[in-house]
Amino acid sequence: MPQTRHRIRRPHRTCAYIGLTALALGVTATASAGISGRTHSAAGPRATTVESALAPCRITGTMGVQLSEGLPTPPGYARSTGEVRALNLMIDFPDAKGEGTAADRLAEFFPRTSDWFRTSSYGRLSYQAEAPIRNWLRMPMPFAAYGIERGSPYEPGYRQLVEHIAKAADSEVDFSRYDLINVLVTPNAGPSALDTVLSVTFSGNGEAPMADGVPLANTSFVYSRQDDGSGTYRETGYRVLPHENGHVFGLPDLYTSDGGGTVGHWDIMSEDWGANNDLLGWHKWKLGWLDSTQISCASKSGVSDHVLSPLAVSGGTKLAFVPLSESTGYAVEVRTQAGNDEAVCRPGVLIYKVDSDVDTGRGPVTVSDSASGSGGCTRRPNVHAELSDAPFRPGETFTDEKAGISISVVGELRNGSYQVRVTRP
Ligand SMILES: [Zn+2]
């Protein structure tokens, strides 16, 4: 493995002041409530039937879990469907003056971040990136004076920084027009991302400083540059931003203190270095990018068959879910080399356990490896190799003996879909 773990272990803070935010927020009061909004607009007997069939699969969040995989995402986060307006501010400091232009810094992330979201969401998230201030926004204090380090909490350094940003930008920016804020810090402030990743998101923070009558509650900070393994950041270095924005939409980190070994390269919330990758189907459902009709809930005892079309392709059933309890279950989806998934070396059926009781960074999702100990099929840099060949191929079966569950890949159909058979007690 060419990568060193500390390079991808990231100290994101994902402060969620749930409860306060629901009342305090103007700008992000519309939560990414998953499927509910879309489904209700198509209300009718059929929609109602679909909804009730899905109920056992909609595992819920738990009190005390900061960022949960449960449905729906609580209020306070930025909405993740429709037009989402992102304010981009490029900042520098008296002791770290911007090198190159602020517009060049912006161009490291756009339009690719907007494209990434359009592709991953099947066009359901229209990410409008705006940068009303085209120059570096100079902070009043040296970078060092904010005391920002890896893992720094919001208080006091980030609060001060956000206050200074709001003050410096307020005459030219109407903060109430935006759903989220990206602070693109000059890359020469702080350490290289190769040494320490400072990039961080504070989401759902209704107690953040106010500007134009709204709290700056969903704010991503991007530092330094993340190279793609070839020594340049130009190919895929932008991917840190869709990762950070994932937190703004309420998604947890899937890497753990041990690195990307639980989910590998199957979700950008697990690995945002290296080759482009997509989000898990579970996350797409959580974000409202999949309809209820695209989820197949395997909650009844006995045998059920599910035909799943590749996750990266628009339309069709994308996700089968096998609930185990009110907080856990197995998700089943088809991953191929398409869309944002550019490094899939063994296409097939990906099976993973989702646990809404497990918090961000603690392993809320665990991928089942069909070829455990194989070393994987990829040699791409900054891609967790072992899990790269995790998908199950036709004829292979995943078994959870304790729960009495088996998930078999019956075959691949001519149109690229896969037939999956679930057996449960
Ligand atoms: Zn993160």
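Residues numbered from 1 in each chain as written. Predicted model: local features only at pLDDT ≥ 70, side-chain atom pairs only at ≥ 80, totals over all residues.

Per an unreviewed UniProt entry, the recorded name for the protein chain is M6 family metalloprotease domain-containing protein, and the organism is Streptomyces subrutilus.

Caption draft 1: Broad picture of the sheet that holds strand β11 (residues 319–323). Here we have 5 strands laid out as an open sheet, ordered β9-β11-β12-β13-β14, and mixed in their pairing. Looking at which strands have only one partner, the edges of the open sheet turn out to be β9 (295–297) and β14 (365–367). Taken over all neighbouring pairs, the strand axes of this sheet differ in orientation by 25 degrees on average, direction set aside. Of the pairings in the sheet, the one linking β11 to strand β12 (residues 328–335) comprises 4 bridges and is antiparallel in character. Note that in β12 the partner of Val 322 across the bridge is Tyr 330. (Pairing = 2+ DSSP bridges. Helix = DSSP H or I, 4+ residues; strand = E, 2+ residues; numbered from the N terminus. Axes fitted to C-alpha atoms, helices over the stretch in contact; angles between N-to-C directions.)

Caption draft 2: Representation of helix α8 (residues 240–248) in the model. In terms of burial, α8 is largely enclosed, as 9 of its 9 residues are buried. All buried positions along α8 are accounted for by Val 240, Leu 241, Pro 242, His 243, Glu 244, Asn 245, Gly 246, His 247 and Val 248. Looking at the buried side of α8, the elements it contacts are α6 (112–120), β4 (180–185), β5 (200–202) and β8 (219–222). Immediately downstream of α8, the backbone of Gly 250 shows phi near 100 degrees, a positive value. (Buried ≥ 20, exposed ≤ 12 C-beta atoms within 10 Å, placed from the backbone. Contact = placed C-beta atoms within 7 Å.)

Caption draft 3: Geometry of the nonpolar core. Judged by nonpolar contacts, the single largest core of 97 residues is most densely connected at Ala 320, Phe 321, Ala 331, Val 332, Val 349 and Val 420. Here this core takes 6 residues from strand β1 (residues 82–92), the largest share from any one element. Shared between two domains, this core holds at least three residues of each, these being domain 1 (5–27 + 75–248) and domain 2 (53–69 + 278–424). Setting aside its immediate chain neighbours within four residues, Ala 320 contacts Ser 296, Ala 298, His 306, Leu 308, Val 332, Val 420 and Val 422. (Core = buried A, V, L, I, M, F, W, Y, C linked by C-beta atoms within 7 Å. Domains from an automatic or database assignment.)

Caption draft 4: Local environment of the pairing of β1. The element β1 is extensively covered by neighbouring structure, given that 8 of its 11 residues are classed as buried. Strand direction decides the pairing type here: β1 and strand β2 (residues 125–130), joined by 6 bridges, are parallel. Bridge assignment links Arg 85 to a residue of β2, and that residue is Gln 128. In terms of strand pairing, β1 meets strand β3 (residues 137–138) through 2 bridges, oriented parallel. Counted as the bridge partner of Asp 92 is Arg 138 from β3.

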